[in-house]
Amino acid sequence: LNLFKENNKNLKIFPDQIVVKYKFCLDSYKKIFKGIKTIVSDKLRKNININISNKNKYKNKILVLLGLHDSIDTIHKITEITGKKKNLFFYLKFHPKSKIEIKSINKNILIISNFKKFKFGSIILSQSSTLIYNMLINKLPFKLLRISNRSSLFPDTIKHKMKYIN
């Protein structure tokens, strides 16, 4: 979107209509593509069902949903955190298209293939994850992991809703 924002004046071809996946992005697209019909499509979204519990026994169990392109950076950050906070247990779920194969990292970090059979106290995402939008739509509590060499993907309109773990 930033590419179009900077080069909008030089482009000669525009679509007749833009279909946006998330309502949070609608204003940003309308601002950049003035005069082009912009709509939100519910068909593009997925519902996410993750068992989150407020009970004390789950508060140290944290689900980390790894992205396709930043999983190694995320694992590195999580490993740093477990070095400082020994009471936290991280359950890492790789992106379905990921080709990375890691069996185990340390006793506080477990690799899981399916999160449906677990309950967690919280969820962590990378700041560049598009799952942020799904979490907001499904009203699931989550925190973001700051990674210095990754940029945030969310628009200014939802920045105030973000909470960080680090």
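Structure: see above.
On a predicted model such as this, the values are computed, not experimentally measured, just so you know.

So, the overall build of the protein
- Counting secondary structure elements, the protein contains 4 helices and 7 strands.
- Across the protein, helices and strands are ordered from the amino to the carboxyl terminus as α-β-α-β-β-α-β-β-β-α-β.
- Within the protein, the fraction of its 166 residues that count as buried is 39%.
- Long-range pairs, those at least 24 residues apart, make up 53% of the contacts in the protein between residues at least 6 apart in sequence.
- Surface exposure of the protein reaches about 11000 Å², of which carbon and sulfur atoms provide 51%.

Some details on the packing of aromatic side chains
- A complete count under the given rule lists 4 aromatic pairs for this structure.
- With a centroid separation of 6.3 Å and 15 degrees between ring planes, the pair formed by Tyr29 and Phe33 is classed as stacked.
- Phe33 gets classed as buried once you look at its relative accessible area, which sits at 5%.
- On the numbers, 6.0 Å between centres and 35 degrees between planes, the contact of Phe118 with Phe120 is tilted.
- On the accessibility criterion, Phe118 (23% relative accessible area) is partly exposed.

A word on the nonpolar core
- The biggest cluster of nonpolar side chains holds 27 residues, and the ones touching the most others in it are Ile50, Leu65, Ile123, Leu125, Met135 and Phe142.
- Among the secondary structure elements, those contributing two or more residues to this core are β1 (17–20), α2 (26–32), β3 (61–65), β6 (122–126) and α4 (131–137).
- Top element by residues in this core is α4. It accounts for 4 residues.
- If we ignore the near neighbours within four places in the chain, the residues touching Ile123 are Ile50, Ile52, Leu63, Leu65, Met135, Leu140, Pro141, Phe142 and Lys143.

Overview of a positive patch on the surface
- A cluster of like positive charges, contributed by Lys84, Lys85, Lys143 and Lys163, occupies part of the molecular surface.
- If you trace the backbone, Lys163 turns up in the segment after β7 (143–145).

Comments concerning the sheet that holds strand β4 (residues 89–93)
- Ordered in space as β5-β4-β3-β6-β7, the 5 strands form an open sheet in which the pairing is parallel. Two strands in the sheet have a free side with no partner beyond their single neighbour: β5 (109–112) and β7. Geometrically, the sheet is characterised by an average inter-axis angle of 30 degrees between neighbouring strands, direction not taken into account.

Remarks on unusual backbone geometry
- Non-glycine residue Lys139 carries a positive phi angle of around 55 degrees.
- When you line up the elements, Lys139 lands in the loop between α4 and β7.
- By relative accessible area, Lys139 is classed as exposed at 72%.

How each quantity is defined
- Residues numbered from 1 in each chain as written.
- Predicted model: local features only at pLDDT ≥ 70, side-chain atom pairs only at ≥ 80, totals over all residues.
- Heavy atoms only, no water.
- Helix = DSSP H or I, 4+ residues; strand = E, 2+ residues; numbered from the N terminus.
- Buried < 20%, exposed > 50% of the residue type's maximum accessible area, 1.4 Å probe, protein only.
- Contact = heavy atoms within 4.5 Å.
- Areas by Shrake-Rupley, 256 points an atom, 1.4 Å probe, with all protein chains shown as cover.
- Phe/Tyr/Trp six-rings, centres within 6.5 Å; stacked < 30°, edge-to-face > 60°.
- Core = buried A, V, L, I, M, F, W, Y, C linked by side-chain atoms within 4.5 Å.
- Patch = residues over 30% accessible without salt bridge, like charges linked within 9 Å, V, L, I, M, F, W, Y side chains within 5 Å.
- Salt bridge = Lys/Arg side-chain N within 4 Å of Asp/Glu carboxyl O.
- Lys, Arg positive; Asp, Glu negative; His and termini not counted.
- Charge placed at Lys NZ, Arg CZ, Asp CG, Glu CD.
- Pairing = 2+ DSSP bridges.
- Axes fitted to C-alpha atoms, helices over the stretch in contact; angles between N-to-C directions.

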